[in-house]
Amino acid sequence: MNSTDLEVRVDCHLFGLADAEADESLPDAGRPSAWAGVGESALVFESEEDLVRARLRLELWDGPAAIDGEQWPRTTTAAWTLPSGVLGVDELTAGAVPEVFVVPPGEYAMRLGWHSEGAALVQMWPTRR
């Protein structure tokens, strides 16, 4: 497993993650869950809490990832396509932070996790490259 931990700015309860070649705006939260939205190559986390910063953990696995249900009480799964594999964080009015995590381009399954104390998780594993 390859991983990185980041501290991100939360603006208007939101922050996003997108492929550098994504040709879309950040999706609205609500699909696949109330606290997350997933598009073709971008995703957004929405916090119910009025946070200024959140911790974001990104993980790349070879196959379906293990999860600690006690540490991550809210999880959901989704799929996305990463045309470049170069991921950047979108902090809305604070701007973008490019190239925070690099994975091979391709199609991925992912598990998203949220903890109300301001922690987000993105676990991904390839479905096709």
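As shown above, the structure is provided for reference.
Everything in this summary refers to the structure shown in the same document. (Residues numbered from 1 in each chain as written. Predicted model: local features only at pLDDT ≥ 70, side-chain atom pairs only at ≥ 80, totals over all residues. Heavy atoms only, no water.)

Here's the deal with the environment of L58
Defined as follows: The way it works is that DSSP assigns letters per residue, a run of H or I at least four long becomes a helix, a run of E at least two long becomes a strand, and they are numbered from the N terminus. Contact definition: two residues touch when any of their heavy atoms are within 4.5 Å.
Following the sequence through the fold, L58 ends up in strand β6 (residues 53-60). In this structure the C-alpha to C-alpha distance between L58 and E21, which are 37 residues apart in sequence, comes to 19 Å. With residues near it in sequence (within four places) discarded, L58 still touches N2, S3, T4, L6, L17, V100, F101 and V122.

What to know about the nonpolar core
Proteins that are soluble and globular tend to have nonpolar side chains buried together. Threshold: Residue types Ala, Val, Leu, Ile, Met, Phe, Trp, Tyr and Cys, when buried and joined through side-chain atoms within 4.5 Å, form a set referred to as a nonpolar core. A simple rule labels every residue: compare its accessible area, found with a 1.4 Å probe on the protein chains alone, to the largest value its type can have, and call it buried under 20%, exposed over 50%, or partly exposed in between.
F45, V122 and M124 are the most contacted members of the largest nonpolar core, which has 29 residues in total. Leaving out residues up to four positions away in the same chain, V122 has contacts with L17, L43, F45, L56, R57, L58, E59, M110, R111 and L112.

Section: the sheet that holds strand β2 (residues 14-19)
To be explicit about the condition: A pair of strands is labelled paired if DSSP reports no fewer than 2 bridges between them.
Within the open sheet, the six strands sit side by side as β3-β4-β5-β2-β8-β9. Their pairing is antiparallel. The open sheet has two free edges, formed respectively by β3 (32-33) and β9 (96-102), since each of these has just one partner strand. Note: strand β8 (residues 86-90) against β9, four bridges, orientation antiparallel. In the strand pairing of β9, D90 is matched with A96.

Just geometry here; none of it tells us what the structure is for.
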